[in-house]
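# Coordinate analysis (summary)
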Amino acid sequence: MEEADRIREILDYYRGQRDRSEQSTAVEMLRELQEVRGFLTPELKKAAAETAGVSEKLIDILVRRYPTLRESAIEHEILACTGERCGNRQGAELLGALRKEFGIGKDGLSSDGRVLLRTRCCLKRCRTAVNMDIDGTAYRGLTPESGLKLVKEICGKRKA
Ligand code: FES
């Protein structure tokens, strides 16, 4: 079924529910809508508010309150060093391999939107180059091979 059809089906179902404006029902609807795209877009939140007959502000409050509801598809954040010392130890090769593997665009996002790759000119740990942070954890002494393997293990790839 097409994404748009699935969304329409979910909205139609909840529109027919008597308790559609109750918090638990609205959260259930948001969860189902999120499953379609992986996260809640502004359009999905607006449609959910209209369907539930509640304000968009209330939907925003619910999204913030329930950790399982997400407005962003980003699941992992990588901070790669582009400094000279890391660069001299194949840091650029590792960065290139990551960009290729995850289809990183100019905005730093992977093709599936789940991984955000950012760069910094020096992570101030030059002695242990190549350095990289993944989800806030520091990794040191990476090679293009070990770095790529590590990122694949941690961030994985969504199956098409
Ligand atoms: S150059 Fe990479 S940590 Fe300084």
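Residues numbered from 1 in each chain as written. Predicted model: local features only at pLDDT ≥ 70, side-chain atom pairs only at ≥ 80, totals over all residues. Heavy atoms only, no water.

## Focus: the overall build of the protein
Summing up its helical and strand segments, the protein has 7 helices and 4 strands in all. When the helices and strands of the protein are listed from N to C terminus, the series reads α-α-α-α-β-α-α-β-β-β-α. Structurally, the protein occupies a C-alpha span of about 65 × 30 × 25 Å along its principal axes. Of all 160 residues assigned to the protein, the portion counted as buried reaches 40%. Long-range pairs, those at least 24 residues apart, make up 60% of the contacts in the protein between residues at least 6 apart in sequence. (Helix = DSSP H or I, 4+ residues; strand = E, 2+ residues; numbered from the N terminus. Buried < 20%, exposed > 50% of the residue type's maximum accessible area, 1.4 Å probe, protein only. Contact = heavy atoms within 4.5 Å.)

## Looking at the domain arrangement of the protein
In terms of domains, the protein is made up of domain 1 (3–65) and domain 2 (76–155). The straight-line distance from the C-alpha centre of domain 1 to that of domain 2 is 36 Å. (Domains from an automatic or database assignment.)

## Focus on the packing of aromatic side chains
Evaluated as defined, the whole model comprises 1 aromatic pair. On the basis of an interplanar angle of 90 degrees and a centroid distance of 4.9 Å, the ring pair of Tyr13 and Tyr14 is categorised as edge-to-face. (Phe/Tyr/Trp six-rings, centres within 6.5 Å; stacked < 30°, edge-to-face > 60°.)

## Notes on helix α1 (residues 3–15)
Here α1 contains 13 residues, and its C-alpha end-to-end distance of 18 Å stays within 8% of the 18 Å for a straight helix at 1.5 Å per residue. Within the sequence span of α1, burial applies to Ile7, Ile10, Leu11 and Tyr14. Burial along α1 is one-sided: seen end-on, the buried residues are contained in an arc of 95 degrees. Packing partners of the buried residues in α1 comprise α2 (23–37) and α3 (42–52). (Expected span 1.5 Å × (residues − 1). Arc of directions from axis to C-beta.)

## Examining the nonpolar core
If you look at the biggest cluster of nonpolar residues, it comprises 22 residues, and the most contacted ones within it are Ile78, Leu98, Phe102, Met132, Ile134, Val151 and Cys155. Elements supplying a minimum of two residues to this core: β1 (76–81), α6 (91–102), β2 (115–120), β3 (132–134) and α7 (144–155). Formed by 21 residues, the second largest nonpolar core is a distinct cluster that contains Ile7, Ile10, Val36 and Leu44. (Core = buried A, V, L, I, M, F, W, Y, C linked by side-chain atoms within 4.5 Å.)

## Focus: the sheet that holds β3
Reading across from one edge, β2-β1-β3-β4 is the order of the 4 strands in this open sheet, with mixed pairing throughout. Edge positions in the sheet fall to β2 and β4 (137–139), since each of these pairs with one other strand and no more. Ignoring strand direction, the axes of neighbouring strands in this sheet form an average angle of 20 degrees. Of the strand pairs in this sheet, β1 and β3 are connected by 3 bridges, and their pairing is antiparallel. Within β3, the position partnered with Ala80 by the bridge is Met132. Sheet strands touched by α6: β1, β2 and β3. Its angle to β2, the strand with the most contacts, is close to 160 degrees. Of the strands in this sheet, β1, β2, β3 and β4 are in contact with α7, which crosses β3 at around 10 degrees. (Pairing = 2+ DSSP bridges. Axes fitted to C-alpha atoms, helices over the stretch in contact; angles between N-to-C directions.)

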